[in-house]
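A closer look at the structure
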Amino acid sequence: MSKDTPLPSAEGFEPRIVAFFCNWCTYTASDLAGTSRMQYAPNTRVIRVMCSGRIDPRFVLQTLREGADGVLLGGCRPGDCHYQSGNYKCLRRFKLLKRYLAQMGVENERVRLEWIAASEGDRVQKVTNEMVEQIRKLGHCRLEQIPRPETEPAAETHDLEQVGAGGMI
Amino acid sequence: MSKPKAGFYWCASCGGCEESVVDLAEDILGVVEAIDFVFFPVAMDFKREDVEAMEDGEMTVCFINGAIRSSEQREMAELLRRKSQVLIAYGSCSYQGGIPGLANLCSREEIFKFVYHDSPSTDNPQGTRPQVRFDAPEGELELPSLDKEVKSLDQVVEVDYYIPGCAPPTALLKAAVEALLSGDMPPKGSVIAPDTALCDDCPRIDTKPAEPLITEFKRPWQIQIDHEKCLLAQGLLCLGPATRGGCDHACIDGNMPCSGCMGPVSRVRDQGAAIISALGSLLNHDDPDEIDKALDGIPDPAGTFYRYGIPHSTLYARCGITAGNGES
Amino acid sequence: MIMHRKSPEDQPRIGVYVCHCGVNIAAKVDVEHVRDFAASLPGVVVSRDYKFACSDPGQELIQKDIREHDLNRIVVASCSPQLHERTFRRTCADAGLSPFFFQMANIREHVSWVTVDPGAATTKARALVAAAVRRVARAEALALRQVPVRPEVLVVGGGIAGIHSALTLANAGKKVFLVEREPTIGGHMAQLDKTFPTMDCSACILTPKMSDVKNHPNITMWTYSEVDEVSGFTGNFKVKVRRKARYIKEELCVGCGDCVDACVMKKEKVQVPDEFNVGLSKRKAVYMPFPQATPACMVIDPKQCLQLMKGKCAQTCVDACERAAVDFDQTDEIVEIDVGAIVMATGFRPFDAKRIPEYGYGRFDHVYTTLEVERLVNASGPTGGEVVLRDGTVPKTVGVIHCVGSRDRRHNAYCSKVCCMAALKMAHLVKERTGAEVFDFYVDMRTPSKGYEEFYDQVLSEGVQFIRGRVAEVTDWAMTPEEEGKLVIRVEDTLIGVARRVPVDMVILAVGLEPQVDTAEMQRRFNISCSQEGFFLERHPKLAPVSTFTDGIFLAGACQGPKDIPEVVAQAGAAAAEALALVDRGHVDIEPNTAWIEEEACSGCKTCIPLCPFNAITRDEEKAIAVVNDAMCKGCGTCVAACPSGAAQQNMFTDEQIYEEIEGVLAYV
């Protein structure tokens, strides 16, 4: 990952939070917060998925690996899923993932799942502000750096493009 | 024409990988006929000096099993890398960190503290701990130092191929040797094993219902395991759906669930997360409390879903285990 | 043809357009900085900022660049994709570029409008643009899917909203199913006596429309029926309607009423409160809600009928019915219909005045709600149109209280919009019928529609006394001899700054409008959203006021929020027009965001199959792999996230695209 641009405001720790919001409820709520001009902390970056059921635990882990300090998952309220039950599937994965994250020393507040209905722009504001404050107290998420060989980097086995083949020989 | 030279070395491992070579049985005769083993500490009396004396790239191939945790292992890995044309990470530990990789859930200090102080079987009233340097009557001794974390081989040196498994199935070893001898190797970086998950050739797949099949998770000792039925459908944590096949479903045939030793298929970045997602999705509860209750049946998610691959996983290690000098 | 893999020669040449949106974005985000930043990103060939990207010149600029710079990917950083994604996709398509080689970065709703600090806003905008650039580089050319649309429309609710929608659609030649849960259509409007401000007789203007519905060849009217289940999607909904057992054969009953006369429940104490008259009169087990009920068909209340409850009754109704229409063996019937669009017209419920105990409703006999007084003043009501109190007397003084349950943070913060006018109407009618002295207690008088203010003036001139203040309490505790036997309304008259006690004979509570009790359940059944107040949520408050977030489902009437009859009818017409626009076109374009499974990667582990809410995934037993039925997939991506082999992928939301977005939002700051 390239870090060719310096931090614009170096003073003080500003958490970086990536939010995965479902298209129908939470993303819409987030738009509503905008049209209602609700001001909130600028630390989240929203990635839109169609349903919280699309949110893969791998996204959460990769987001932390890429340097985020927190991950916020947002879906429709229970029973309100546009696709009937994607949010429940998200919830179950999330609960299992959280148990793993706790073992890995990732603090509870860093990864959060919220049900936010399309009409709840104010909840986007509230949850964002709350989460930013909590993570500000925790500081950077310090994952252990993955070591690499000192020589030219080896083919990264978990990188999607470079493997691929790996068929039976 | 001289035979191609090969090495077979072990780092942080259990010796099971060597067993897999022995498992070649009479086929091993064909191997030693075609290949000249020039370094194989378990089986033959070559020393490090013998390797150091080799030309760079003198070995056609070197298999290294075991994870990397000590300065000695690192040095050997670097040395063998230099001396071999093709370096193969052999077995789960070398490929992904393996069972020794579970140590990445603890700091070195925690491990030392337990092993040299707190373990019930420890009797160490002086609190002695191993030292890198030690003044013995015969002169100063130097021991390898223990790294703060466990690494897979490719986190230390460049690796050309991977043969997964704990221990690797002999069929894969044979296939790899044959490919090497014929020069028909897959693209660099490949995992030499089929690239579909175990379910693909699981003999029980037809008994797996296509429905949210898990209401509670059980441990193998808790139930009378049906010999025919899909183990997941019996509530056992079978990692088959997220684990590369190629093992000839040995565990399944032994009526034990897959514990994931072959690692993920190539499209999956993180084996544990993949199974977390799959199993979580299939849990047949909507009520948060019911979900929690069911998940209590998995007391150690990291150890269950990442049993063979914590160092190779996205998170690599528990946060903060390398903080401080950890010296003792 | 859907391409799943990007060809290697297709190197991205990306154009980035940072929109000012006038000052909406530019006042907060340093658009020039974002433009320059974007220009530095890999693959970006052109980066510009522009006043209004969505304007015609803005779009032409993009198209010109596509041609001149041979761009094959476009990013517009502006508003929400919900608003203008379609616009820009069309821009791309018109310039010969696949519309799916377009990506939007939402720097208005998600950045400039919600961020205080301009520096932080600019940083955030950069991150979102970087993510969009990286994501679009992984975009794939996809084709829109076209799905045929069924021409039938379902209208749920047979109040004035549903009636008007159904008639509009039927008149346009569309087959309409009108489903009403009560035994008759007509809704609340049928209960009203007069309609403000013109004082038309409500029944006179409504009943002709009701019989039009009944007789329209294009309308299938199912009363006493409810929607049990809705599946499918826009253009192709499958709906299960429960036709509740009426115990009367609808095709035989002519509504003569002989069975009602014959019913054994002659004594009033065994009868039950009449729903239509809001409990001001009683009815028997077999009844017709009101004389003009449509259909003119009796219904037997299973919770009241002795035969149905206990299996023991003389069954005098059976004997009385010459047409043998009574049928105690009827059971609920489930009918399945296929429709292309759905109009929700499920209406409202009046606020329950008992929830404000200090107003004494339910405690004091002479405290009424507006709806009750509608029935009292109605000529076919329980008193034949005479305003007589429960003790048989005619009130000499009457107090009308506004904002009961509305504009009250304890209950509903919103204004119910119709109650001021309803209260004025009551003041007018009661004064007209009884000559009583009428006091009207209002908080703010809200009469903003056509002819409404004039009506207020008229009521003022009729001598109704207006007192501005929120009533504190209605009490029977008399402090003076004049107050004995009266209800005393305690209020601070805020115009003169005095706490007053106004003794009256009758109190009328202008209750507000609330969502139907089962709105939440309906919302789930139809998969639409609700606003915080609990009314159904429109897609956009201004630009899509009758659409919902679920394509193909439209809103009419008070189920979307309080409104009066003229507004309801206007909206019902609009909903009908939207539904018509959909079903008349004959097809819908569906986002190609479906899932697919890479055959050679699938292990056939069956994880995905049960996860699909639409049963779109099946197992190909021969190949022992999972297969997604593209036509049935709605693109939620749940199977994709769950696939432990990475074999399932979702068009427009592939793992790679999302990883690019993750890296994009984090890489540069």
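Residues numbered from 1 in each chain as written. Chains lettered and ligands numbered in written order. Predicted model: local features only at pLDDT ≥ 70, side-chain atom pairs only at ≥ 80, totals over all residues. Heavy atoms only, no water.

1. Re the overall build of chain A
In terms of helices and strands, chain A carries four helices and four strands. For chain A, the α and β elements follow one another from N to C terminus as β-α-β-α-β-α-β-α. Expressed as a percentage of its 169 residues, the buried residues of chain A come to 63%. Contacts in chain A between residues at least 24 apart in sequence constitute 78% of all its contacts with a sequence separation of at least 6. In the form shown here, chain A has an accessible surface area of approximately 6200 Å², with 50% of it arising from carbon and sulfur atoms. (Helix = DSSP H or I, 4+ residues; strand = E, 2+ residues; numbered from the N terminus. Buried < 20%, exposed > 50% of the residue type's maximum accessible area, 1.4 Å probe, protein only. Contact = heavy atoms within 4.5 Å. Areas by Shrake-Rupley, 256 points an atom, 1.4 Å probe, with all protein chains shown as cover.)

2. Section: the packing of helix α3 (residues 86–103) of chain A against helix α9 (residues 271–282) of chain B
Helix packing for two helices is described by the angle between their axes and how far apart those axes are. The geometry of α3(A) relative to α9(B) is characterised by a closest axis approach of 8 Å and an angle of 135° between their N-to-C directions. Comparing the axis directions of α3(A) and α9(B) gives the class oblique. Judged by the twist between their axes, the crossing of α3(A) over α9(B) is right-handed. Residue-level contacts link A:K89, A:R92, A:R93, A:L96, A:L97 and A:Y100 of α3(A) to B:I276, B:S277, B:G280 and B:S281 of α9(B). (Axes fitted to C-alpha atoms, helices over the stretch in contact; angles between N-to-C directions. Parallel < 35°, antiparallel > 145°, perpendicular 65-115°, else oblique. Left-handed = near helix turned anticlockwise from the far one by under 90°.)

3. Some details on the pairing of strand β25 (residues 487–493) of chain C
Residues and elements named next belong to chain C. With respect to burial, β25 is a largely interior element, five of its seven residues being buried. Strand direction decides the pairing type here: strand β24 (residues 471–475) and β25, joined by four bridges, are antiparallel. By the bridge assignment, V471 is partnered in β25 with V491. Sheet topology note: the β25/strand β26 (residues 498–504) ladder contains seven bridges and is antiparallel. Residue pairing for β26: D493 is matched across the bridge by V498. Between β25 and the antiparallel strand that follows it, β26, lie four residues; G497 among them carries a positive phi value of about 70°. (Pairing = 2+ DSSP bridges.)

4. A few points about the nonpolar core
With 201 residues, the main nonpolar core has A:F20, A:Y100, B:F63, B:F305 and C:I74 as its most contacted residues. Residue contributions to this core peak at 11 residues, all from helix α5 (residues 118–137) of chain C. Each residue touching A:Y100, except ones within four places of it in the same chain, is listed here: A:L61, B:I276, B:P301, B:A302, B:Y306, B:S313 and B:L315. (Core = buried A, V, L, I, M, F, W, Y, C linked by side-chain atoms within 4.5 Å.)

5. Overview of the pairing of strand β3 (residues 70–75) of chain A
Residues and elements named next belong to chain A. The element β3 is extensively covered by neighbouring structure, given that six of its six residues are classed as buried. With burial as the criterion, each face of β3 is covered, one bearing G70, L72 and G74 and the other bearing V71, L73 and G75. Here strand β1 (residues 17–22) runs beside β3; their pairing, made up of five bridges, is parallel. Of the residues in β3, the one forming a bridge with I17 is G70. Bridge analysis of β3 against strand β4 (residues 111–115) gives five bridges, and the strand direction is parallel. Paired with V71 across the two strands is V111, which belongs to β4. What joins β3 to β4 is α3, and the crossover it makes is right-handed. (Right-handed = clockwise from strand over helix to strand, strands pointing away.)

6. Description of unusual backbone geometry
B:C166 connects to B:A167 through a cis peptide bond whose omega is -10°. Within the element layout of this structure, B:A167 appears in the loop between β9 (161–163) and α7 (170–182). Following C:F196, the chain continues to C:P197 via a peptide bond in cis, the omega torsion being -5°. Take C:P197: it is sitting in the loop between β8 (194–195) and β9 (200–201). Phi is positive for C:C21, close to 45°, though the residue is something other than glycine. Although it is not a glycine, C:M652 adopts a positive phi angle of roughly 75°.

7. Observations regarding the confidence of the model for chain C
Residues and elements named next belong to chain C. When the pLDDT values of chain C are averaged, the result is 94; 99% of them are 70 or greater. Of the regions scoring below 50 in pLDDT, residues 1–8 engages in 12 contacts with residues more than four places distant in sequence or in other chains. As a predicted assembly, this complex carries a pTM of 0.80 together with an ipTM value of 0.93. (pLDDT = per-residue confidence, 0-100.)

8. Notes on the interface of chain C and chain B
Many structure descriptions define interface size as the accessible area lost when the parts assemble. Each partner contributes to the interface: chain C provides 20 residues, whereas chain B provides 21 residues. Contact between chain C and chain B buries roughly 1700 Å² in total, counting both sides, with carbon and sulfur atoms accounting for 56%. When the buried area of chain C at its contact with chain B is split by residue, C:S603, C:K606 and C:P644 rank highest and sum to 30% of it. The interface formed by chain C and chain B contains one salt bridge. Its salt-bridge partner being B:R267, residue C:E598 comes within 3.7 Å of it at the nearest N-O pair. The tally of links between chain C and chain B comes to five residue pairs in polar contact (both at pLDDT 80 or more). Looking at the side of chain C that touches chain B, the elements that each hand over two or more residues are α16 (638–642) and α17 (655–667) of chain C. (Buried area = accessible area lost by both parts, 1.4 Å probe. Salt bridge = Lys/Arg side-chain N within 4 Å of Asp/Glu carboxyl O. Polar contact = N/O pair within 3.5 Å; in protein donor to acceptor, adjacent residues only side chain to side chain.)

9. A closer look at the interface of chain A and chain C
Between chain A and chain C, the contact holds 58 residues from the first and 59 residues from the second. Summed over both partners, the interface of chain A with chain C comes to about 5200 Å²; 55% of that surface belongs to carbon and sulfur atoms. Put simply, chain A and chain C have three salt bridges between them. Here A:R54 and C:D655 are joined by a salt bridge, their closest N and O atoms 2.8 Å apart.

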